[in-house]
Amino acid sequence: MIEYYLFSFKSTGDATKALAKVNGKLKSARLIPLPPEISAGCGNSLRVGLDDLDKALEILGKDDYVGIYTLSHEGRKRVIEKHVL
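Residues numbered from 1 in each chain as written. Predicted model: local features only at pLDDT ≥ 70, side-chain atom pairs only at ≥ 80, totals over all residues. Heavy atoms only, no water.

Colleague: Can you walk me through the overall build of the chain in this structure?
Modeller: When helices and strands are tallied, the chain shows two helices and five strands. Traced from its N-terminal end to its C-terminal end, the chain shows the element sequence β-α-β-β-α-β-β. For a compact globule of 85 residues, the expected C-alpha radius of gyration is about 12 Å, and the chain comes in at 12 Å, within 12% of that figure. Once the C-alpha set of the chain is aligned to its principal axes, its extents read approximately 35 × 25 × 20 Å. Per-residue burial over the chain gives 40% buried out of 85 residues. Of the contacts made within the chain by residues no fewer than 6 positions apart, 64% connect residues no fewer than 24 positions apart. Summed over all atoms, the accessible surface of the chain reaches about 5200 Å², with 49% contributed by carbon and sulfur. (Helix = DSSP H or I, 4+ residues; strand = E, 2+ residues; numbered from the N terminus. Rg over C-alpha atoms; globule rule 2.2 N^0.38 Å. Buried < 20%, exposed > 50% of the residue type's maximum accessible area, 1.4 Å probe, protein only. Contact = heavy atoms within 4.5 Å. Areas by Shrake-Rupley, 256 points an atom, 1.4 Å probe, with all protein chains shown as cover.)

Set out below in structure tokens:
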């Protein structure tokens, strides 16, 4: 089961701008270190909860981020996959 969505960015500045855009509008948004399973992007990702994905997509334009990934767990194993809209 998907737990979070992760947005990756070209630069840390882009990640910070995205957080500023969604700040106060999404209850679950926060910047976290980019997981090593994701090679596209800078060292930060924006983590959003399941309920906030649609709102995040309304706020962020396609040029604001590089990709979207899902984060889930299978037992103790972390699973990160590219999300296709």
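Here the narrative resumes.
Colleague: How should the packing of aromatic side chains be read in this particular structure?
Modeller: Each pair of aromatic rings is reported with the distance of its centres and the angle of its planes. Counted under the stated rule, the structure contains one aromatic pair. Both rings, one in Phe 7 and one in Tyr 65, keep their centres 5.1 Å apart while their planes meet at 85°; by these two values the pair is edge-to-face. Taken together, the residues span a long stretch of sequence, with Phe 7 in strand β1 (residues 2-8) and Tyr 65 in the loop between α2 (53-59) and β4 (67-74) at a distance of 58 residues. You can call Tyr 65 buried: its relative accessible area is 12%. The aromatic ring of Tyr 4 is capped on one face by Arg 47, whose charged end is 4.0 Å from the ring centroid. (Phe/Tyr/Trp six-rings, centres within 6.5 Å; stacked < 30°, edge-to-face > 60°. Lys NZ or Arg CZ within 6 Å of the ring centre and 35° of its normal.)

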